[in-house]
Amino acid sequence: MNDPSRQGPKIKPISLYVWVLVGLQVLLLIAIGTSFVNLGVFNIVIRLAIAVTSVMLLMVFFMHESRARALTIMTSALGFIWLALLVGLSLTDFLVRIPVPPPW
Amino acid sequence: MNTRTLEPQHFKSPAGEVEKQFDNPLQQRDTATIGMWVFMATEIMFFGVLFAAYLILRSLHPAGFAEASRDTDLLLGSIETAVLLVSSITIMIGIRAVRLEQRRIGVAFLGLTVLLGCGFLLIHGLEYRADYFKHLIPGIDYHQSGPYWKVKELFYCMYYFITGFHSLHLFIGICVNAGMTIRVARGSYGEHDYTALELAGLYWHLVDMVWIFVFPLLYLIGRSG
């Protein structure tokens, strides 16, 4: 049991998980509450910021990213980097596209 | 040609033992975790395509998508989100209990996670049922009026693709966790042999993460308009 090579991630207290859950539920309530306030373009920014914060909480405390090795962190970031490239490059096209009517 | 007969012991190592290619259990566990993250990256890309399509359509038809978004059931969507978030902690407590050799607590919390997942699917089924009676299912029963009726059909196509595939992934997670619960009850996992449980937990959190983005994109944005 004391062999370091057998040790997995440190076992965390349940109270930590409960606090993270409370944080996630508060973020959910904030997201729902602010959805009724018209903030213009900031509506989508706030909603996505809350979603990203919630996901970070999940990844750091529940998916053990805070104590993962660098290779694991890099691998876990891969999917999100590809996703950012996909969405970002797609929107750079569609957001700036100007409809050109045919000349006839 | 080098032929090697695979005996049963090659497929399964005794609990807590290290496969030949690894130096120690920690390296074996890290490798399994990295492999799981590579698989999950493909899942993120799978949902990423759906999210990208949704965002592009939304940027092309903002008013119609906002109106369609207001027709979704915010109360049920919020309850579903809260249920999934709670399931994230129950699975963590379950895995923690298994690591502490508290098998009964582990079985209880892993079973609770499965029940919460089933609860999510049930509530979502109620949403689909209500949509059916409101004639909001493109291709099956879609009858809407107003200036945005065609754009709303696009929104509901994306809604069913995204939530449908999410529910399918959640169903897979439920099956995996139900199997894990049975194995924990039989004593297959313990203090040194819980990697499979951790990987199942990672998958469950991934399904949660997808929903954390689905909920604001489909249910909240456009609500204030």
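The preceding data block contains the structure.
Here's a quick rundown of the structure.

About the criteria used
Per chain, residues are indexed from 1 in the order of the written sequence. A letter from A marks each chain and a number from 1 marks each ligand, given out in the order of writing. Reporting of local features is limited, given that this is a predicted model, to residues whose pLDDT is at least 70; pairs of side-chain atoms are given and counted only at 80 or more, and all residues count toward the totals for whole chains, interfaces and linings. Each residue gets a C-beta atom placed from its backbone, and two residues are in contact if those atoms lie within 7 Å. Secondary structure follows DSSP: runs of H or I at least 4 residues long count as helices, runs of E at least 2 residues long count as strands, and numbering of each begins at the N terminus. In the scheme used here, Gly and all other residues not listed as nonpolar or charged are polar, with Ala, Val, Leu, Ile, Met, Phe, Trp, Tyr, Cys and Pro taken as nonpolar and Asp, Glu, Lys and Arg as charged. By definition, a nonpolar core groups buried Ala, Val, Leu, Ile, Met, Phe, Trp, Tyr and Cys residues that are joined through C-beta atoms within 7 Å. Each residue is classified by how many other C-beta atoms fall within 10 Å of its C-beta atom, where C-beta atoms are placed from the backbone; a count of 20 or more means buried, 12 or fewer means exposed, and values in between mean partly exposed. All axes here are fitted lines through C-alpha atoms, helices being fitted over the stretch that makes contact, and every angle between N-to-C directions spans 0 to 180 degrees. When an angle is under 35 degrees it counts as roughly parallel; over 145 it counts as roughly antiparallel; between 65 and 115 it counts as roughly perpendicular; any other value is oblique. For any helix crossing, the convention is left-handed if the near helix is rotated counterclockwise from the far helix by under a right angle, and right-handed if that rotation is clockwise. Each helix should span, by expectation, one fewer than its residue count multiplied by 1.5 Å. A residue's bend is simply the angle between two axes: one fitted to the seven residues ending at it, one to the seven starting at it.

With respect to the interface of chain B and chain A
Phase 1: Taken together, the 45 residues of chain B in the interface contact 44 residues of chain A.
Phase 2: Tallying contributions element by element places helix H2 (residues 25-60) of chain B first for the side of chain B that touches chain A, with 19 residues.
Phase 3: Looking at the side of chain B that touches chain A, its residues break down into 28 nonpolar, eleven polar and six charged.

Thoughts on the nonpolar core
Phase 1: Grouped together as the largest cluster of nonpolar side chains are 71 residues, with contacts concentrated most on B:Phe155, B:Val210 and B:Val214.
Phase 2: Mapped by element, the contributors of at least two residues to this core are helix H1 (14-34) and helix H2 (42-62) of chain A together with H2, helix H3 (62-70), helix H4 (74-99), helix H5 (103-133), helix H6 (149-185) and helix H7 (195-220) of chain B.
Phase 3: Ranked by residues supplied to this core, first place goes to H7(B) with 18 residues.
Phase 4: When near neighbours in sequence (up to four residues on either side) are disregarded, B:Val210 contacts B:Phe47 and B:His166.

Digging into unusual backbone geometry
All names here are of chain B.
Phase 1: Although it is not a glycine, glutamate 101 sits at a positive phi angle of roughly 60°.
Phase 2: Relative to the helices and strands, glutamate 101 resides in the loop between H4 and H5.
Phase 3: For glutamate 101, a count of 12 C-beta atoms within 10 Å corresponds to the exposed category.

As for the packing of H6(B) against H7(B)
All names here are of chain B.
Phase 1: Running from amino to carboxyl end, H6 crosses H7 at an angle of 160°, the nearest separation of the two axes being 10 Å. It follows that H6 is roughly antiparallel to H7 by the angle criterion. Where H6 crosses over H7, the two elements pack in a sense that is left-handed. Residue-level contacts link Tyr159, Ile162, Thr163, His166, His169, Leu170, Gly173, Val176, Asn177 and Met180 of H6 to Ala196, Leu197, Ala200, Tyr203, Trp204, Val207, Val210, Trp211, Val214 and Leu218 of H7.
Phase 2: Taken together, the residues of the contact of H6 with H7 sort by class into 15 nonpolar, five polar and no charged.

Digging into the packing of H2(B) against H7(B)
All names here are of chain B.
Phase 1: Packing of H2 against H7 leaves a shortest axis separation of 10 Å and a crossing angle of 20°. One way to sum up the angle between H2 and H7 is to call them roughly parallel. As H2 runs across H7, the sense of the crossing is right-handed. Here H2 contributes Arg29, Ala32, Met36, Met40, Glu43, Phe47, Phe51 and Tyr54 to the contact with H7, which in turn contributes Thr195, Leu199, Leu202, Leu206, Val210, Phe213 and Leu217.
Phase 2: The residue makeup of the contact of H2 with H7, split by class, is twelve nonpolar, one polar and two charged.

Brief notes about helix H3 (residues 70-94) of chain A
Phase 1: For H3(A), which comprises 25 residues, the first-to-last C-alpha distance of 36 Å matches the rise-based estimate of 36 Å (1.5 Å per residue) to within 8%.
Phase 2: At A:Leu78, H3(A) is bent by approximately 30°, the largest bend along its length.

Brief notes about the environment of A:Trp19
Phase 1: Its place among the elements puts A:Trp19 in helix H1.
Phase 2: Here the alpha-carbon distance between A:Trp19 and A:Val96, two residues 77 residues apart in the chain, equals 43 Å.

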